Amino acid sequence: MDGKHPLEDFRHCPKCGSSRFVEKGVKAKQCMDCDFIYYFNPSAATMCFITDRYYRVLVAVRGEEPAKGTYDLPGGFLDCFENAEEGIAREILEETRIDALAGTRAGVISPLRYLFSLPNIYRYSGFDVHTLDMVFHMAVESLDPYVGIGKDDVAELKAIAFADLDPNDFGLESVKQAVEKVKSEHYF
């Protein structure tokens, strides 16, 4: 941490609205009027390496800030009451049109598989959102049907040879780290 309390920007109790909302340790604040304690924990997020039989990876070009115009992997934040597998499948469908749960009838040759997780700080609207990014892999027959204009918050989708992936082309720190890890540890 940079010395700033993660809840510094939260000045009022979210339960009763009191301004007597004070720091309680390094990751919490407590209301001095209603005793509500809010713990600052990471948000759950996902990303997926989608590969094909030609050893290419489907890369998203970010269409929105943060890091607009840089490379990313399909994925995003989990919704309430959604598990990680449901969340990454939904994000993949929204951003790429690939139905990750459809199996071989949709050209999926290797189903979603969890690889590892990484902590991240996602700067959004001037606020640091701490996340835990869960990294997945899946493979499809060919990425060709999905290359082009992206959906949702993706400007464009590209198929890039796995050997040509450069972590420095990715705008979010955890995605850079995921690319480095997958390349150095030969996950697929």
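Residues numbered from 1 in each chain as written. Predicted model: local features only at pLDDT ≥ 70, side-chain atom pairs only at ≥ 80, totals over all residues. Heavy atoms only, no water.

Draft legend 1. Spotlight on the pairing of strand β9 (residues 127-140). Most of β9 is tucked away: 10 of the 14 residues are buried. Judged from the 10 bridges that link them, strand β4 (residues 43-52) and β9 form a sheet pairing that is parallel. Within β9, the position partnered with T51 by the bridge is A139. When strand β8 (residues 108-124) meets β9, the two strands line up antiparallel, connected through 13 bridges. Considered in β9, the bridge of R123 is made with D128. In this structure, the hairpin formed by β8 and β9 is closed by a connection of 2 residues, where S125 is found at a positive phi of approximately 50°. (Buried < 20%, exposed > 50% of the residue type's maximum accessible area, 1.4 Å probe, protein only. Helix = DSSP H or I, 4+ residues; strand = E, 2+ residues; numbered from the N terminus. Pairing = 2+ DSSP bridges.)

Draft legend 2. How the structure looks around the packing of aromatic side chains. This model, assessed by the stated rule, comprises 9 aromatic pairs. Taken together, a centroid distance of 5.2 Å and an interplanar angle of 50° make the contact between F116 and Y187 tilted. Placement of F116 in strand β8 and of Y187 in the segment after α2 (173-185) is noted, with a sequence separation of 71 residues between them. Relative to Y124, the ring of Y122 lies with its centre 6.3 Å away and its plane at 20°, an arrangement referred to as stacked. An aromatic cluster is built from F10, F40 and F127, whose rings are joined through pairwise contacts. If you follow K181 out to its NZ or CZ, it ends over the ring of F116, 5.1 Å from the centre. A cation over an aromatic ring shows up here: K183 above the ring of F162, its NZ or CZ 5.9 Å from the ring centre. (Phe/Tyr/Trp six-rings, centres within 6.5 Å; stacked < 30°, edge-to-face > 60°. Lys NZ or Arg CZ within 6 Å of the ring centre and 35° of its normal.)

Draft legend 3. Looking closely at the pattern of salt bridges. Tallying each qualifying case throughout the model produces 11 salt bridges. With a closest N to O distance of 2.7 Å, E82 and R90 form a salt bridge. Between K181 and E185 there is a salt bridge, with the nearest N and O atoms lying 3.4 Å from each other. Placement of both K181 and E185 in helix α2 is noted, with a separation of 4 residues, approximately one turn of the helix. Overall, the relative accessible area of 25% leaves K181 in the partly exposed class. Via salt bridges that share partners, D79, E82, R90, E91 and E94 belong to a single interconnected network. (Salt bridge = Lys/Arg side-chain N within 4 Å of Asp/Glu carboxyl O.)

Draft legend 4. Highlighting α2. Look at α2: 18 Å from first C-alpha to last across 13 residues, which is about the 18 Å you get at 1.5 Å a residue. Every buried residue of α2 is accounted for by S174, V175, A178, V179 and V182. Projection of α2 onto a plane perpendicular to its axis shows the buried side chains occupying an angular sector of 140°, all on one side. Next to the buried residues of α2 lie β4, β6 (71-72), β8 and β9. Just downstream of α2, H186 is the residue with a positive phi angle, here 50°. (Expected span 1.5 Å × (residues − 1). Arc of directions from axis to C-beta. Contact = heavy atoms within 4.5 Å.)

Draft legend 5. Highlighting the nonpolar core. Grouped together as the largest cluster of nonpolar side chains are 23 residues, with contacts concentrated most on F49, L165 and F170. Only β4, β5 (56-62), β8, β9 and α2 provide two or more residues apiece to this core. Those residues in contact with F49 that lie beyond four places of it in its chain are V57, L73, L115, V135, F136, H137, M138, A178, V179, V182 and F188. In this structure, I50, L112, M134 and L157 belong to the second largest nonpolar core, which totals 20 residues. (Core = buried A, V, L, I, M, F, W, Y, C linked by side-chain atoms within 4.5 Å.)

Draft legend 6. Quick peek at the sheet that holds strand β2 (residues 28-31). Across the sheet, which stays open at both edges, the 3 strands sit in the order β1-β2-β3 with antiparallel pairing between neighbours. Looking along the sheet, the strands with just one partner apiece sit at the ends: β1 (21-23) and β3 (37-39). Neighbouring strand axes in the sheet, compared pairwise and without regard to direction, differ in orientation by 25° on average. (Axes fitted to C-alpha atoms, helices over the stretch in contact; angles between N-to-C directions.)

Draft legend 7. Main features of the pairing of β4. The element β4 is extensively covered by neighbouring structure, given that 8 of its 10 residues are classed as buried. When β4 meets strand β7 (residues 75-77), the two strands line up antiparallel, connected through 3 bridges. Looking across to β7, one finds that M47 is bridged to G75.

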